[in-house]
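Single-letter residue listing:
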Amino acid sequence: RDSFAIFPRRLGDWEQQGQPRELSASVLASLGADDYHSAVFARPDQSHSVEFFSAWYADQSQGGVHSPEICLPGGGWEIAWLERSDLTKVMDWDVPFRVNRAIIQKGEARMMVYYWFDQKGRKVAWDMAAKFWLLADGVRTGRTDGALVRLTTQIGSEESPEQADARLMEMLRQVIPHLPRFVPA
């Protein structure tokens, strides 16, 4: 796999703003990932940016990916709404593509979030299903690598959650073709 250090700075019309975000030592220790990428992307015609975050684990058999349902509240964010969504038809895929879609809030700030676990090309929303596939893949292929992928955008006071959702869908379509280089199937 390629290191996230060479992740594209441009995804369609979306351009990375500044340098990738570095996580603090304590967050890195808690995350336990072998590689990660956190960057903010913006478009000139959009008033709000989208953050792309992915953490990759070479071996999840001793821990590995943990759900944002746990770490987001630990960061002070409240999960106001969460649903598991099947994007298979929307993305025009032949294999299941399931994500978690959430609205999180902290004070007056609200964000729309998409996240999923990427296990050997599978897009899995439920953390227990990800653990099942980890076990199955470990037995069948000996591979226990995988990743968490998350897209986040602010829900502006002047916009609806549907507008933020559309922005994340647009960014998702730009990110997906690049992921296999960094998160192998």
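Everything discussed here concerns the structure shown above.
Scope of this entry: the structure provided in the associated data block. (Residues numbered from 1 in each chain as written. Predicted model: local features only at pLDDT ≥ 70, side-chain atom pairs only at ≥ 80, totals over all residues. Heavy atoms only, no water.)

### Concerning the pairing of strand E9 (residues 146-154)
- With respect to burial, E9 is a largely interior element, eight of its nine residues being buried.
- Here strand E4 (residues 50-57) runs beside E9; their pairing, made up of eight bridges, is antiparallel. The residue bridging Val-50 from the neighbouring strand is Thr-153, located in E9.
- Note that strand E7 (residues 109-119) and E9 share eight bridges and pair antiparallel. Residue pairing for E9: Tyr-114 is matched across the bridge by Leu-151. (Buried < 20%, exposed > 50% of the residue type's maximum accessible area, 1.4 Å probe, protein only. Helix = DSSP H or I, 4+ residues; strand = E, 2+ residues; numbered from the N terminus. Pairing = 2+ DSSP bridges.)

### A word on the pairing of E7
- In terms of burial, E7 is largely enclosed, as nine of its eleven residues are buried.
- Judged from the seven bridges that link them, strand E6 (residues 98-106) and E7 form a sheet pairing that is antiparallel. Bridge pairing in E7 links Ala-102 to Val-113.
- Linking E6 to E7, which pair antiparallel, is a turn of two residues; within it Gly-107 sits at a positive phi near 65°.
- Here three bridges tie E7 to strand E8 (residues 122-124), and the two strands are oriented antiparallel to one another.

### So, unusual backbone geometry
- Despite not being glycine, Asp-92 has its phi angle at roughly 60°, a positive value.
- One can find Asp-92 in the loop between strand E5 (78-86) and E6.

### Remarks on the packing of aromatic side chains
- For the structure on display, the rule yields eight aromatic pairs.
- Plain terms: the ring middles of Phe-7 and Phe-52 are 4.7 Å apart, the flat faces sit at 10° to each other, and that makes the pair stacked. Placement of the pair is Phe-7 in the segment before strand E1 (10-11) and Phe-52 in strand E4, with a sequence separation of 45 residues. We note that Phe-7, like Phe-52, is buried.
- Of the aromatic side chains, those joined through ring pairs into one cluster are Phe-4, Phe-7, Phe-52 and Phe-182.
- The aromatic ring of Phe-4 is capped on one face by Arg-1, whose charged end is 5.3 Å from the ring centroid.
- Cation over ring: Arg-1 sits above Trp-56, and NZ or CZ is 4.0 Å from the ring centre. (Phe/Tyr/Trp six-rings, centres within 6.5 Å; stacked < 30°, edge-to-face > 60°. Lys NZ or Arg CZ within 6 Å of the ring centre and 35° of its normal.)

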